[in-house]
Amino acid sequence: MCTTLMFQVQDINFWGSVYPTHFAIPHLRKTKGKIIVNASAAGVLNPPKLGVYSASKAALISFYESLRNEVSPTVTIAIVKLGFIKTNFISTKHSNNTTGVRLRRDIDTEIPAMGADACAKAIVCGVCKGETSITQPRFIKAIFLMKFLFPELYRLYNKYIDSTFDKLRKG
C-alpha cells in the first residue's frame, strides 16, 4: 500500500473525527452533550490485510477512551465498534464500481452480518441507556474474548476469515 493512501485513511478515519471533536468540546461541556464515535471492531481485532484501516480505528478508540477520562462526567462518550453490517459497501453492487474491494458475491453470504436498521436501533438504544461501549453485531464480543483468551484459536479464525475473503474477491 502506498504511503499516500495510508495518510488518507488516517486523515479520514482518525483526524476526521478528532478535529470536529476538538472544536465541539466547549459547547458539549456547556450542554452536557454526547459524543458518538463510529469506530470499528477491526480497531480491536486487527484482521488480516486491513492493517492501515485497523490502525486508524484503533487510534480512534484509544483517543476517545483517553478523552472520556478528561471530559466525563460532563460529556458522555459512546464508542461504537461495528462488525459487518448489511449495506451496499459489503455487496457486489458497491464493489463493481471504482471503489471498494471487487467481490464475486455479497460478503454476508459467507460471514454473518447485521441488518442496517437493526444496527441503528441497537446503537440508539445503547446511547439512550448511557452505554459507553456499543458492539454490534453482538457475537463480535465473543470474538474479542477469543482474541484475548484463546490467541491460537483466534489465529485460526483469522486464517478462516482471510481465506473466505479470498474466495469472495474477484480475481
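Everything numeric in this text was worked out from a predicted model, so none of it was measured.

A. Up close: the overall build of the protein. In terms of regular secondary structure, the protein is built from seven helices and five strands. Along the protein, helices and strands appear, N-terminal first, in the series α-β-α-α-β-β-α-β-α-β-α-α. By residue count, 37% of the 171 residues in the protein fall in the buried class. Considering only contacts within the protein whose residues lie at least 6 apart along the sequence, 68% involve residues at least 24 apart. Here the protein displays about 10300 Å² of accessible surface, and carbon together with sulfur accounts for 61% of that area.

B. Representation of the nonpolar core. If you look at the biggest cluster of nonpolar residues, it comprises 23 residues, and the most contacted ones within it are Ile35, Val37, Leu45, Tyr64, Leu67, Ile77 and Ile79. For this core, the secondary-structure elements that each account for two or more residues are α1 (3–31), β1 (34–40), α2 (42–45), α3 (51–71), β2 (76–82) and α6 (139–149). At five residues, α3 tops the list of elements feeding residues into this core. Not counting chain neighbours up to four residues away, the residues in contact with isoleucine 77 comprise Ile35, Val37, Tyr64, Leu67, Arg68, Val71 and Thr132. Judged by nonpolar contacts, the second largest core, of nine residues, contains Val80, Leu82, Met114 and Val127.

C. Main features of the pairing of β2. Buried residues dominate β2, accounting for six of its seven residues. Two strands pair when backbone bridges link them, and β2 and strand β5 (residues 133–136) are joined in this way by four bridges, in the parallel orientation. Across the sheet, the residue bridging to lysine 81 is threonine 135, located in β5.

D. Here's a closer look at the pattern of salt bridges. Evaluated as defined, the whole model comprises two salt bridges. The partner of aspartate 162 in a salt bridge is lysine 49, with the nearest N and O atoms 3.2 Å apart. With aspartate 162 in helix α7 (residues 151–168) and lysine 49 in the loop between α2 and α3, this residue pair connects regions lying 113 residues apart in the sequence. Here glutamate 152 ties to arginine 155 by a salt bridge, and the two come within 3.1 Å at their closest N and O atoms. Remark: arginine 155 and glutamate 152 occur in helix α7; sequence separation between them is three residues, near one turn of the helix. Using a relative accessible area of 40% as the deciding quantity, one classes arginine 155 as partly exposed.

E. Seen up close, α1. Over its 29 residues, α1 extends 40 Å from the first C-alpha to the last, a length consistent with the 42 Å expected when each residue adds 1.5 Å. The largest bend along α1 reaches roughly 50° and is located at alanine 24, with the proline proline 26 sitting one to four residues downstream. Burial in α1 covers these residues: Val9, Asn13, Phe14, Val18, Thr21, Ile25 and Leu28. Where the residues of α1 are buried, they touch β1 and α3. One or two residues past the end of α1 sits lysine 32, with phi positive at roughly 55°.

Reading the values: the criteria
Residue positions are given per chain, counted from 1 along the sequence in the order it is written. Given that the model is predicted, a residue must reach a pLDDT of at least 70 before its local features are reported, and side-chain atom pairs must reach 80 or more before they are shown or counted; all residues, however, enter totals for whole chains, interfaces and linings. Values reported for side chains reflect all heavy atoms of the structure, with hydrogen atoms and water molecules removed beforehand. Working definition: helices are DSSP H or I runs of at least four residues, strands are E runs of at least two. Numbering for both runs from the N terminus. Per-residue accessibility, obtained with a 1.4 Å probe over protein chains only, is compared with the maximum for each type, and a residue is labelled buried under 20%, exposed over 50%, and partly exposed between these values. Contacts are assigned to residue pairs with any non-hydrogen atoms lying within 4.5 Å of each other. Here, Shrake-Rupley sampling with a 1.4 Å probe gives the accessible areas, and only protein chains in the shown set may cover a residue. Put simply, buried Ala, Val, Leu, Ile, Met, Phe, Trp, Tyr and Cys residues joined by side-chain atoms within 4.5 Å make one nonpolar core. The pairing criterion for strands is at least two bridges between them, as found by DSSP. By definition here, a salt bridge exists when the distance from a side-chain nitrogen of Lys or Arg to a carboxyl oxygen of Asp or Glu is within 4 Å. Between the first and last residue of a helix there are one fewer steps than residues, each counted as 1.5 Å, and that sum is the expected span. Think of it this way: the bend at a residue is just the angle between two axes, each fitted to seven residues, one set ending at that residue and the other starting at it.

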